[in-house]
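Here is what each chain is made of, one letter per residue.
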Amino acid sequence: MAHDRVGSMHHLATEPGAPAEEYAWFVEACVEESDGFSATFVRGLSAEEALRRLGATPGDVSGAWGIGAWAASGGTVLVDYGYAELPEALSRGTEAATVFAAFGEEDFYTVNGVVATRFELYLPHWRQGGDPDRLLAHMRELGMPVEEEAPDYFEIRITRGLALAERATSVHLSPAHHAVPAIVGSVDHLY
């Protein structure tokens, strides 16, 4: 049954998307803030709406845990340094892709509130979810080892994951988008 719900929003970007190397600046910027981070690309939502779906009030920084939201081409990119697994409600009526760049390093792709594809960034050949091969063509284009382990892949896994999130959602975060201060919200309730 979950597979039917996942298939109800078959979007997937048809544009080639940014090369993985284009996200090296983003990884460097995030690593300056913390040893690890998660980035969630959400198609078609404003930064304010994305925060509201998380139960955060835009501009409220009263809690111990916060999340930043940047307006991007095609939607919003959320960055969290606390590794909260964001609720699948974030993708209700749209699509979202999350890249955890620490503590398990997973990639999630959700459609309409359902996990379509989930895998560990360093083991992309072990995919799960309602439609585990849904992103396979994009993964191959990005040179991700989708059939077996590849030792040389470890160093480039995060930029590949971010480029995959862009391709899956058609949301592109440029350095110019990131230069604009994020809209922030407290997300203590997610921890």
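Things to note about the nonpolar core
Tyr23, Phe26, Phe37, Phe41, Val77 and Leu162 are the most contacted members of the largest nonpolar core, which totals 35 residues. Counting residues in each nonpolar core, the second largest holds 15 residues, with Ala47, Leu51, Leu86 and Ala96 among its members.

Some points on unusual backbone geometry
A positive phi angle, near 50°, is found at Asn112, a position not held by glycine. Inspection of the secondary structure assignment puts Asn112 in the loop between strand E5 (106–111) and strand E6 (114–120). Among the residues examined, Asn112 registers a relative accessible area of 29% and is labelled partly exposed. Even without glycine at this site, Ser170 takes up a positive phi of about 65°. In this fold, Ser170 is placed in the loop between helix H5 (157–169) and helix H6 (175–179).

Looking at empty space enclosed by the protein
With the rule as written, the count across this model stands at 1 cavity of 30 Å³ or more. When its volume is computed, the largest cavity comes out at roughly 150 Å³. Leu86, Pro87, Thr98, Phe108 and Thr110 are the residues nearest the centre of the largest cavity, which is lined by 15 residues in total. Those elements giving two or more residues to the lining of the largest cavity turn out to be strand E4 (95–100) and E5. Sort the elements by how many residues they give to the lining of the largest cavity and E4 lands first, with 4 residues. Its residues assigned to classes, the lining of the largest cavity shows 9 nonpolar, 4 polar and 2 charged.

Considerations on the pairing of E4
Along E4, 6 of the 6 residues are buried, which leaves the element largely enclosed by surrounding structure. Burial along E4 is two-sided: Glu95, Ala97 and Val99 facing one way and Ala96, Thr98 and Phe100 facing the other are all buried. Relative to E4, strand E1 (residues 38–43) runs antiparallel, the two sharing 5 bridges. Note on E4: the bridge partner recorded for Thr40 is Thr98.

Thoughts on the pattern of salt bridges
Close approach of charged atoms allows side chains of opposite charge to pair. By the definition in use, this model includes 7 salt bridges. Between Arg43 and Glu95 there is a salt bridge, with its nearest N and O atoms 2.6 Å apart. With Arg43 in strand E1 and Glu95 in strand E4, this pair connects stretches of sequence that are 52 residues apart. You can call Arg43 partly exposed: its relative accessible area is 21%. Measuring nitrogen to oxygen at the nearest pair gives 3.1 Å for the salt bridge that ties Glu49 to Arg53. In this pair, Glu49 and Arg53 are both assigned in helix H3 (residues 47–53), 4 residues apart and thus about one turn of the helix distant. Overlapping salt bridges, with partners in common, bring together Glu49, Arg52 and Arg53 in one network.

What counts and how
Residues numbered from 1 in each chain as written. Predicted model: local features only at pLDDT ≥ 70, side-chain atom pairs only at ≥ 80, totals over all residues. Heavy atoms only, no water. Core = buried A, V, L, I, M, F, W, Y, C linked by side-chain atoms within 4.5 Å. Buried < 20%, exposed > 50% of the residue type's maximum accessible area, 1.4 Å probe, protein only. Helix = DSSP H or I, 4+ residues; strand = E, 2+ residues; numbered from the N terminus. 1 Å grid on protein atoms, 1.4 Å probe; cavity = no way out; pocket = protein on both sides within 12 Å on 5 of 7 lines; lining within 4 Å. Points joined across faces, edges and corners; volume = space filled by probe spheres on them. Nonpolar A, V, L, I, M, F, W, Y, C, P; charged D, E, K, R; others polar. Pairing = 2+ DSSP bridges. Salt bridge = Lys/Arg side-chain N within 4 Å of Asp/Glu carboxyl O.

Any link to function would need more than the numbers given here.
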